[in-house]
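Here is what each chain is made of, one letter per residue.
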Amino acid sequence: MITAFDVVESHTDRVIIDLTCNALSANHAKDITDTLGLLPGIVVRKVSDRTFLVHLGGKIEISSKVPLRNRDDLSRAYTPGVARVCQAIAENPDDARRLTIKRNTVAVVTDGSAVLGLGNLGPAAALPVMEGKAALFKKFAGVDAWPVCLDTQDTEEIIRAVELIAPVYGGINLEDIAAPRCFEIEARLREKLNIPVFHDDQHGTAIVVVGALRNALRVVGKDPADCKIVVCGVGAAGSAIIRLLLKQNPGDVVAVDVDGIVHRDRPGLDDNLKSIANVTNRDNVSGRLHDALVGADVFIGVSAPNLFGAEQVATMNSDAIVFALANPDPEIDPMEAQKHAAVVATGRSDFPNQINNVLAFPGVFRGLLDAHARTITDSMLLAAANAIADVVDGEKLNASFIVPSVFDTSVAPAVAEAVRKAAARQA
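Criteria and thresholds
Residues numbered from 1 in each chain as written. Predicted model: local features only at pLDDT ≥ 70, side-chain atom pairs only at ≥ 80, totals over all residues. Heavy atoms only, no water. UniProt positions renumbered as here; feature names shortened; annotations may be inferred. Helix = DSSP H or I, 4+ residues; strand = E, 2+ residues; numbered from the N terminus. Buried < 20%, exposed > 50% of the residue type's maximum accessible area, 1.4 Å probe, protein only. Contact = heavy atoms within 4.5 Å. Expected span 1.5 Å × (residues − 1). Pairing = 2+ DSSP bridges. Phe/Tyr/Trp six-rings, centres within 6.5 Å; stacked < 30°, edge-to-face > 60°.

## As for the UniProt feature "binding site: a divalent metal cation" (unreviewed entry) in the chain
Part 1 of the reasoning: Mapped onto the present numbering, the UniProt feature "binding site: a divalent metal cation" (unreviewed entry) falls on Glu175, Asp176 and Asp201. In sequence the annotated residues extend across 27 residues, while in space they remain close, none of their C-alpha pairs exceeding 6.7 Å.
Part 2 of the reasoning: By the secondary structure assignment, glutamate 175 is in the loop between strand S5 (171–174) and helix H8 (181–192).
Part 3 of the reasoning: Given the relative accessible area of 5%, glutamate 175 is considered buried.
Part 4 of the reasoning: By the secondary structure assignment, aspartate 176 is in the loop between S5 and H8.
Part 5 of the reasoning: For aspartate 176, the residues in contact, after removing those within four places along its chain, are Thr110, Asp111, Gly112, Ser113, Ala114, Val115, Leu116, Val129, Met130, His199 and Asp201.

Here you go:
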């Protein structure tokens, strides 16, 4: 459907027209473009769509919080008045949290090595994602976040770069850094810095999964202590999910990666997989994903699309729970999973029970900043998970509604308050 046909320029030998139309998909838009290009005398100069237009010039900006109307305003916001504030911070560095943007600012740091599900695209291509993350911080929690895309994938350089910029920020959000490098980067930055360091691909995902699973188990009437949980994908997200799940004392957790079930006797395990093997798979079983699913109560996938079907879900225990979170295509078609599973969740917005990190990270950092926290602990992560679960009260809870909407304005404040209280107890 053509919605606009505007003459932009008219010359003696040509006319430039801005043509606007509705397309069904990106592929349909390409078909339209290609077909126009085949017409005699037609040259397609530029193509855009609503998504690209949203990104033109970037999605975030800096604005002043104080008026700069006259010389008096300028003398207090800048020189000479600002000198007194600088001296106060030099005498008491902790005053930086009170007198500068540090009290409300987070760095969203990436090396571009694991951008969404697209892979190693580099820092420039990662910038639109980091901008979007910063916009979500502001929208849902009032946190001023800024993208920091580093042009290096060297572990030592990343650690040193973040260490050097840390004085400006009240927290560091690591984003889209590939495993296993991300584990070392986070661990060493936590040792070096006196502000919280949070890898969202790990802990943001783990928080929402654990919160959603708590409610899913309430729906089916099962206790975590009686459940066998299969986690498929043992990268950044999967490893963090497993470690946070273990804090809930489940009956057993079986980890599965591309080479099959992770067990203590499997050759070639890296340090991360060795640590996972030592705390999971109680009976040290081996085999493939399909073997792991037999007799399982819960499947959590953060791996790859189309790994199994309804016939494998049928081998799980009754009232099975399936979280197929690979994006955009999950490990199993949700409609297939629903043939035998009692509760199904995905990472997609077009199915019920979307597991989305937006439910976690804005409120987590709001709480950390409000508490002037210097670190982040598992107790804070669990507090955030429980807060997300508690937003869905008993009257709302059902198999198609185990987590709140990402647009539920009560989520971020609830998570922030839970994290703030946990941080206060920690202090």
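From this point, the discussion proceeds with the structure in view.
## Notes on helix H17 (residues 411–426)
Part 1 of the reasoning: Over its 16 residues, H17 extends 22 Å from the first C-alpha to the last, a length consistent with the 22 Å expected when each residue adds 1.5 Å.
Part 2 of the reasoning: Summarising the contacts, the buried residues of H17 are in contact with helix H6 (123–141), helix H15 (361–370) and helix H16 (378–391).

## Thoughts on the pairing of strand S10 (residues 298–301)
Part 1 of the reasoning: The alternating pattern of S10 places Val298 and Ile300 and Phe299 and Gly301 on opposite faces, both of which are buried.
Part 2 of the reasoning: Where strand S7 (residues 228–232) lies against S10, four bridges are found, and the strand directions are parallel. By the bridge assignment for S10, isoleucine 229 is matched with valine 298.
Part 3 of the reasoning: Relative to strand S11 (residues 320–324), S10 runs parallel, the two sharing four bridges. Note on S11: the bridge partner recorded for glycine 301 is alanine 324.

## Concerning the packing of aromatic side chains
Part 1 of the reasoning: In this structure the tally under the stated criterion is five aromatic pairs.
Part 2 of the reasoning: Residues phenylalanine 198 and phenylalanine 365 carry aromatic rings whose centres are separated by 5.6 Å and whose planes lie at 80 degrees to one another, so their mutual orientation is edge-to-face. Separated by 167 residues along the polypeptide, phenylalanine 198 in strand S6 (residues 197–199) and phenylalanine 365 in helix H15 bring together distant segments of the chain.
Part 3 of the reasoning: Between phenylalanine 299 and phenylalanine 308, the aromatic rings sit 4.8 Å apart at their centres with planes inclined by 70 degrees, giving edge-to-face as the arrangement.
Part 4 of the reasoning: Classification of phenylalanine 299 by relative accessible area gives buried; the value is 0%.
Part 5 of the reasoning: By relative accessible area, which is 8% here, phenylalanine 308 ends up buried.
Part 6 of the reasoning: Among the aromatic residues, those joined into a cluster by ring pairs are Phe137, Phe198, Phe361 and Phe365.

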